[in-house]
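Structural overview
As a plain string of letters, each chain reads:
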Amino acid sequence: MSRWKALPAELDPRVRQLLVRLRRLKDHSGLSMRQLAAKTAYSPKSWERYLSGRSLPPRDAVEAMARIGGDDPTRLLALHEVAAEAWRAGRAGTSAPEPAVTEPAVTEPAVAESSVPAVPAPEPEVLSAGTEDARSPGRALRVALVSGSVALVLAVSSTVLVVVRIMDDRDGGAPAASHATPTASASPTVAKRVYRCRLERTGGRWYAGNSRALDATVAYGNSGPQVAEVQCLLRRRGISPGAIDGMFGPLTMGAVERFQKRARLQVDGIVGPRTWKALRG
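Residues numbered from 1 in each chain as written. Predicted model: local features only at pLDDT ≥ 70, side-chain atom pairs only at ≥ 80, totals over all residues. Heavy atoms only, no water.

Quick look at the packing of aromatic side chains now. Going through the model one piece at a time under the given rule, you end up with three aromatic pairs. On the numbers, 6.2 Å between centres and 80° between planes, the contact of Tyr42 with Trp47 is edge-to-face. Arranged with centres 5.7 Å apart and planes meeting at 80°, the rings of Trp47 and Tyr50 form a pair that is edge-to-face. On the criterion of helical spacing, the pair formed by Trp47 and Tyr50 is a turn pair, its members being three residues apart in helix H3 (residues 44-52). Comparing Trp47 with Tyr50 shows no difference in burial state: the two are buried. Every member of this aromatic cluster is reached through a ring pair, and the members are Tyr42, Trp47 and Tyr50. Across from the ring centre of Tyr207, 3.9 Å away, lies the NZ or CZ of Arg212, which sits over that ring. (Phe/Tyr/Trp six-rings, centres within 6.5 Å; stacked < 30°, edge-to-face > 60°. Helix = DSSP H or I, 4+ residues; strand = E, 2+ residues; numbered from the N terminus. Buried < 20%, exposed > 50% of the residue type's maximum accessible area, 1.4 Å probe, protein only. Lys NZ or Arg CZ within 6 Å of the ring centre and 35° of its normal.)

Below, the structure written as structure tokens:
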């Protein structure tokens, strides 16, 4: 088996789980980096970066490793998808997002019945005697257009005020009813399953009454009775995995790594056949 360097401590546990699985498949295949590159579309240096945690391997590389190592590509690609999401989240967290700028709300003042928005009339431009004849046609056209626009705005404003007044009289002056915001109904609470540790020793092995697994792979993100069994066996060994809730989260993963270190096993946070054997022994 290859002697791997320790993965970077800052790696997300989901990325670490994927890389540990890829390292195992590479060791199981017995291929060197050059031989692995010859069987895939990626160079030896690329595989060194992927397996050392310096860059995330692409989906095609993960699928090729599953095919070479004889592993289930569906499960391995699912791990890659979770790891890719964690990798992107870690990269995005390196730069703080810009604060959102909230524009202050502008409240329109009430318009009196006889009030008409004042539009400043354009000031007449005084032309010199020398340029009056040359520029008067174009200037007069622009002045006429501006005056027409002002008259149109005044006419529209007056019409709007008259319509608003008529509607107020028809409704009795009552303000428009505000739309009530519907109250969101409370979502039903989903009861979590409660697991218990009923320890007993049978055939030289310890069981906690949740699962009798011996070689199943249980890792970060899994849930169910097998995870609860691991948590109970860890607690029997004096290592707290947190609550016995059947959820393989950071606390349970940390407890598995501490147990593997104590038992002199490969510290990867994944419960495989060797870790099961040590837990039940």
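What the rule picks out here adds up to four salt bridges. Residues Asp268 and Arg24 are paired through a salt bridge, measuring 2.3 Å at the closest nitrogen-oxygen approach. A residue pair is termed long-range when its members are at least 10 positions apart, and Asp268 in the loop between helix H8 (250-262) and helix H9 (273-280) and Arg24 in helix H1 (residues 13-29) qualify at 244 residues. Judged by relative accessible area, which is 33%, Arg24 ranks as partly exposed. (Salt bridge = Lys/Arg side-chain N within 4 Å of Asp/Glu carboxyl O.)

Looking now at the state of the cysteines. What the rule picks out here adds up to one disulfide. Residue pairing for Cys197: its cysteine sulfur links by disulfide to Cys232, the two sulfurs lying 2.0 Å apart. Taking the torsion about the sulfur-sulfur bond, which here is approximately -80°, the covalent link between Cys197 and Cys232 counts as left-handed. Taken as a pair, Cys197 in the loop between helix H6 (129-170) and strand E1 (200-202) and Cys232 in helix H7 (residues 225-236) lie far apart in primary sequence, 35 residues in all. The exposure class of Cys197 is partly exposed, given its relative accessible area of 33%. (Disulfide = S-S within 2.5 Å.)

Those residues of helix H4 (residues 59-69) lying buried are Ala61, Val62, Ala64, Met65, Ala66 and Gly69. Just past H4, the residue Gly70 takes up positive phi, approximately 75°.

Its location among the elements puts Ala216 in the loop between strand E2 (205-207) and H7. Between the C-alpha atoms of Ala216 and Val271, which are 55 residues apart in sequence, the distance is 7.8 Å. If we ignore the near neighbours within four places in the chain, the residues touching Ala216 are Gln226, Val271, Gly272 and Trp276. (Contact = heavy atoms within 4.5 Å.)

Moving on, we get to unusual backbone geometry. Non-glycine residue Arg264 carries a positive phi angle of around 60°. Position of Arg264 among the secondary structure elements: in the loop between H8 and H9.

Spatial relationships are all this shows, so hold off on functional conclusions.
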